[in-house]
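# Architecture and fold: a report
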Amino acid sequence: MEFLKKELSNLIQHNLYRRMNTMNDSQTSRTIVNGKKCILLSSNNYLGLTGHPELISAAKDAISLWGTGAGGSRLTTGNFRLHEELEEAIAHFKNTESAVVFNTGYMANIGTITALTGKEDIIFSDELNHASIIDGCRLSRAKTVIYPHKKIGALEKLLQQASGYRRILIVTDGVFSMDGDLAPLPRLVELSEKYNALLMVDDAHATGVLGDRGAGSVNHFGLEGKISIQMGTLSKAIGSAGGYVAGSRDLIDYLRNKARSFIFSTSLPPSVIAAALAALRVMQKNPQLREKLHLNAQYLRSGLKQMGFTILAEESPVIPVLIGDADKTVQMAQHLFDLGVFAPGIRPPTVPQGTSRVRVTVMATHTRDDLDQALAAFEQAGQMLGIIQ
Ligand SMILES: *Cc1c(COP(=O)(O)O)cnc(C)c1O
């Protein structure tokens, strides 16, 4: 096992070694990271629901009633009435005929893509798609063509060249996780119809965040009924864990029978399902949470821009603050942390050379005071490093 040490020191040498930060409090706007109190500007807990009393009591009640584990996969002994209720609630929320819950968003993507495509098929995948989509494409053994980020013209040329395949799948993030920008869904729908392709949208960062009902990017663009496969996660704005796919009754029935990551894994424990169900109720009762989230994002973005920072996209609560140089980005994140703000620096290979950034996410639970303090830290750190005047 000598190779392990070698590989690890290789990573360290190339500045690619990853260390984990230790959280010592709930995912609230202020938390404790590596023993230090700071403002949390990097959680995907967009609506602050992980600490919501209704979710907590729903999870506790579920444990009291049904225990801590599910005991089996959905197709054997792990299918509680609660799982079915959650799937019905998701279908209602997404305005689709049906929905299926996977154990994670990651598993939803690999299970769905591998069930729908095989060697005879071709997949078109946006170059900035999430790793779980990339892995699903690889596992499927379908021919995978990566198209330039959001470039519809380039995608159409590639589609024109694709012939002799059984099925065509176009797959995209709804909101891109590192850039915070939106996929051009109306144009993708046109292409999918013109070229008879399946269209799959990953709404991990849009669920609970975008659309007048918070139902995601498809809801945001008014494209309900036009996109056959809507995937998302219950681990971000929903504040629990799990992934889902929403679509037609046939699609969901097919996935339950064919998606290996659904079939061969013990289902989520009742407490996790109950928390997700409670989150859907809380979101519907409290649209002001989503409004507050967007107001907070707007406030932080405009403050950063006024200071002279470059924001790469302004379409979602994911706020990528461009630094450019990779080392400077690491220093920026470190200065911010020293000043009591936790926001990670993102470098190549996660993002292209020269586009290193501090990736900020806001939550509905940030107060004006939290955001003002964060802005002051950005100003001080940015000036210290000569990123802003
Ligand atoms: C987080 C994320 C996933 C994975 O979801 P998990 O529930 O965390 O496994 C999939 N796709 C995108 C775009 C994501 O951001």
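Below is a short write-up of the structure. Predicted, not measured: the structure shown is a model, and the values here were computed from it. (Residues numbered from 1 in each chain as written. Predicted model: local features only at pLDDT ≥ 70, side-chain atom pairs only at ≥ 80, totals over all residues. Heavy atoms only, no water.)

### Observations regarding the overall build of the protein chain
Helix and strand counts for the protein chain stand at 14 helices and 14 strands. The C-alpha atoms of the protein chain give 21 Å as radius of gyration, which agrees with the globular expectation for 389 residues (21 Å, within 12%). The buried share of the protein chain, reckoned over its 389 residues, is 53%. Residue pairs in contact within the protein chain that sit at least 24 positions apart in sequence constitute 69% of those at least 6 positions apart. In the form shown here, the protein chain has an accessible surface area of approximately 17,700 Å², with 51% of it arising from carbon and sulfur atoms. Looking at charge distribution, the protein chain has the averaged site of its 40 positive side-chain charges lying 3 Å from that of its 37 negative ones. (Helix = DSSP H or I, 4+ residues; strand = E, 2+ residues; numbered from the N terminus. Rg over C-alpha atoms; globule rule 2.2 N^0.38 Å. Buried < 20%, exposed > 50% of the residue type's maximum accessible area, 1.4 Å probe, protein only. Contact = heavy atoms within 4.5 Å. Areas by Shrake-Rupley, 256 points an atom, 1.4 Å probe, with all protein chains shown as cover. Lys, Arg positive; Asp, Glu negative; His and termini not counted. Charge placed at Lys NZ, Arg CZ, Asp CG, Glu CD.)

### Looking at helix H12 (residues 287–307)
For H12, built from 21 residues, the straight-helix expectation of 30 Å at 1.5 Å per residue is met to within 8% by its first-to-last C-alpha distance of 31 Å. Looking only at H12, the buried set comprises Leu289, Arg290, Leu293, Asn296, Ala297, Leu300, Arg301, Gly303, Leu304 and Met307. Summarising the axial view, the buried residues of H12 lie within an arc of 165°, below the 170-degree limit, and thus occupy one face. Among the structural elements, helix H11 (270–285), strand S10 (310–311), strand S11 (318–324), strand S14 (356–361) and helix H14 (368–384) are those in contact with the buried residues of H12. Of the residues trailing H12, Gly308 is marked for its positive phi of about 110°. (Expected span 1.5 Å × (residues − 1). Arc of directions from axis to C-beta.)

### Side note on the sheet that holds S14
Overall, antiparallel pairing links the four strands, which are arranged S10-S11-S14-S13 in an open sheet. Of all the strands in the sheet, the pair left with one neighbour each is S10 and strand S13 (345–346). Across six bridges, S11 lies against S14 in antiparallel orientation. Directly across from Leu322, in S14, lies its bridge partner Arg357. Lying over the sheet, helix H13 (residues 326–338) contacts S11, S13 and S14, oriented at roughly 35° with respect to S14. (Pairing = 2+ DSSP bridges. Axes fitted to C-alpha atoms, helices over the stretch in contact; angles between N-to-C directions.)

### What to know about helix H9 (residues 249–258)
Those residues of H9 lying buried are Leu251, Ile252 and Leu255. The buried residues of H9 occupy an angular sector of 95° when the element is viewed end-on, so they sit on one face. Across H9 from its buried face, at more than 90 degrees, point the exposed residues Arg249, Asp250 and Asn257. Along its buried surface, H9 packs onto strand S3 (98–102), helix H4 (105–116), strand S8 (229–233), strand S9 (243–247) and helix H10 (260–263).

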